[in-house]
Amino acid sequence: MTKPTQSRKAETNTKAAPTKVRIAAVADLHVKETGSVSYKDLFTEISTEADILVMAGDLTDLGKKAEAELLAADLRACTIPMVAVLGNHDFECGAVDEVRSILKGAGVHLLEGQAVEIHGVGFAGVKGFAGGFGRHMLGSFGEPAIKAMVAESVEETMRLENALRQVRSERAMVVLHYAPIPETVEGEPKEIYPFLGSSRLAETIDRFPVSAVVHGHAHRGRFEGKTPGGAPVYNVAAHIEKPNGKPYAIIEL
C-alpha cells in the first residue's frame, strides 16, 4: 500500500511544478529607415531559442513610421508571442500613434501601463522615465518645468503599479525602458545617471512579487543587478554583453 501512495504523491508534485518559460529579452534595436540592418535572422533564431520575445524600448531610431514598418516586416520572422514597451527614441518624431498601430498590427503586445499573461507568466510594462536614483532623485521643487518632469516620472510609476495590480500569475516580469536601479547603468557617465532612470520604479516594483525586471536605454551599462527588495534586474540593451554572447538575453521563469 505504501508504494502506490508514494507514486500518487510524486505524480501530484510533478503536476504542481510550473513549466519553465524561456524569455528572450532585447532592447535598443534602433531600426533605421535606411534598412541598413535587418533583424529577420535574429528573430528567426530567437523563435527557436525562446518561448516569448520581450523588447524593452527604443525599437525605432527616430520614431518614424517607415522605421516601424521595417521592424514589423522583420518581426514576421518571429513565430513566438511578442511583448514590448516603447522607449524615448520611439517618441522623437511625434508619430508615436502610428508606431503603436504598426507594432500592434504586427502582433506585438504593446504595454503602456497594462499587463498580459502568456504561458503562465504575467508581463507588466511601462516606458518609465528619468529622475535619478536614491537620495539624488529629483524632487518636485522650484520651477514648473522641474515639477512637470517629476510629475511625469511619478505618473509612469503609477501606471506601473496599475499594471502590476492586474497580474494574477505567480511569475511576473516587469518590462521597462528606463532603469529602476543605478547598478545596471554603471559604465555610463555619472553625469547622465539622472536621465537614465528613476528609483521610483524600483520602489513600486518592490511592493509586488516580481520574478524579474528587464530594461534598456543604457547602452554602456551593466547586465545584472537587483532592486533594494531583491528583484533581479537585467539591462538587455543589444549593446550590453550578456552571458550567452548574443544581443538578447535568455531569462528562465
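Residues numbered from 1 in each chain as written. Predicted model: local features only at pLDDT ≥ 70, side-chain atom pairs only at ≥ 80, totals over all residues. Heavy atoms only, no water.

All right, on to the sheet that holds strand E5 (residues 114–118) then. Taken together, six strands build an open sheet; the order of strands is E5-E6-E7-E8-E10-E9 and the sheet is mixed. If you trace the sheet from one side to the other, it starts and ends with E5 and strand E9 (224–226), each paired once. Across this sheet, the average inter-strand angle for adjacent strands is 25°, counted without regard to direction. One ladder, built from five bridges, connects E5 with strand E6 (residues 121–125); its direction is antiparallel. Residue pairing in the sheet places Val116 in a bridge with Phe123 of E6. (Pairing = 2+ DSSP bridges. Helix = DSSP H or I, 4+ residues; strand = E, 2+ residues; numbered from the N terminus. Axes fitted to C-alpha atoms, helices over the stretch in contact; angles between N-to-C directions.)

Counting residues in hydrophobic clusters, the biggest one holds 28 residues, and the most contacted among them are Leu29, Phe43, Ile46, Leu53, Met55, Leu71 and Leu75. For this core, the secondary structure elements donating two or more residues are strand E1 (22–26), helix H2 (40–49), strand E2 (52–56), helix H3 (65–75), strand E3 (82–85), helix H4 (96–105) and strand E4 (108–110). If we ignore the near neighbours within four places in the chain, the residues touching Ile46 are Ala24, Leu53, Ile80 and Tyr248. Leu111, Met173, Ala237 and Ile251 belong to the second-largest nonpolar core, a separate cluster that totals 26 residues. (Core = buried A, V, L, I, M, F, W, Y, C linked by side-chain atoms within 4.5 Å. Buried < 20%, exposed > 50% of the residue type's maximum accessible area, 1.4 Å probe, protein only. Contact = heavy atoms within 4.5 Å.)

Let us now look at the environment of His239. On the secondary structure map, His239 appears in the loop between strand E10 (232–235) and strand E11 (249–252). Note on His239: relative accessible area 47%, which makes it partly exposed. For the pair His239 and Val26, spaced 213 residues apart in the sequence, the C-alpha separation amounts to 9.5 Å. A polar atom in the side chain of His239 sits 3.5 Å from the side chain of His219. (Polar contact = N/O pair within 3.5 Å; in protein donor to acceptor, adjacent residues only side chain to side chain.)

The next point concerns helix H5 (residues 144–166). In an α-helix, one full turn covers 3.6 residues, which means residues spaced three or four apart are oriented alike. Compared with the 33 Å implied by 1.5 Å per residue over 23 residues, the 33 Å span of H5 between its first and last C-alpha is a close match. Within H5, the full set of buried residues consists of Val150, Ser153, Glu156, Thr157, Leu160, Glu161, Ala163 and Leu164. Where H5 is buried, its residues contact E5, E6, strand E7 (171–175) and helix H6 (199–205). (Expected span 1.5 Å × (residues − 1).)

Low pLDDT means the predicted coordinates in that region are not meant to be read closely. Confidence in the prediction for the protein chain averages 93 pLDDT; 93% of positions are at 70 or higher. In this model, residues 1–17 is a region of pLDDT below 50 whose contacts with residues beyond four sequence positions or in other chains number zero contacts. (pLDDT = per-residue confidence, 0-100.)

We now examine unusual backbone geometry. Positive phi, close to 50°, is recorded for Asp58, a residue that is not glycine. Judged by relative accessible area, which is 1%, Asp58 ranks as buried. Even without glycine at this site, His119 takes up a positive phi of about 55°. With respect to the element layout, His119 can be found in the loop between E5 and E6.

Glancing now at the environment of Lys64. Structurally, the position occupied by Lys64 is in the loop between E2 and H3. Along the sequence, Lys64 and Asp28 sit 36 residues apart, while their C-alpha atoms lie 15 Å from each other. In contact with Lys64, not counting residues within four places along its chain, are Glu33, Cys93 and Val99.

Okay, the packing of aromatic side chains next. Across all of its chains, the model carries three aromatic pairs by this definition. Pairing Tyr39 with Phe43 gives two aromatic rings, centres 6.2 Å apart and planes at 40°, and the pair type is tilted. Taking the relative accessible area as the measure of exposure, Tyr39 reaches 16% and is therefore buried. Aromatic side chains Phe223 and Tyr234 sit 5.3 Å apart centroid to centroid with 40° between the ring planes, which places their arrangement in the tilted category. Of this pair, Phe223 sits in the loop between strand E8 (212–215) and E9 while Tyr234 sits in strand E10, and the two are 11 residues apart along the sequence. In this structure, Phe223 and Tyr234 share a single accessibility class: buried. (Phe/Tyr/Trp six-rings, centres within 6.5 Å; stacked < 30°, edge-to-face > 60°.)

What follows concerns the pattern of salt bridges. Evaluation of the coordinates by the stated rule reveals 13 salt bridges. Across the pair Arg220 and Glu188 runs a salt bridge whose closest N-O atoms are separated by 3.6 Å. Of this pair, Arg220 sits in the loop between E8 and E9 while Glu188 sits in the loop between E7 and H6; the two residues are 32 residues apart in sequence, bridging distant segments of the chain. The buried category is assigned to Glu188, whose relative accessible area is 10%. Each member of the salt-bridge network shares a partner with another, and the members are Arg22, Glu49 and Glu252. (Salt bridge = Lys/Arg side-chain N within 4 Å of Asp/Glu carboxyl O.)

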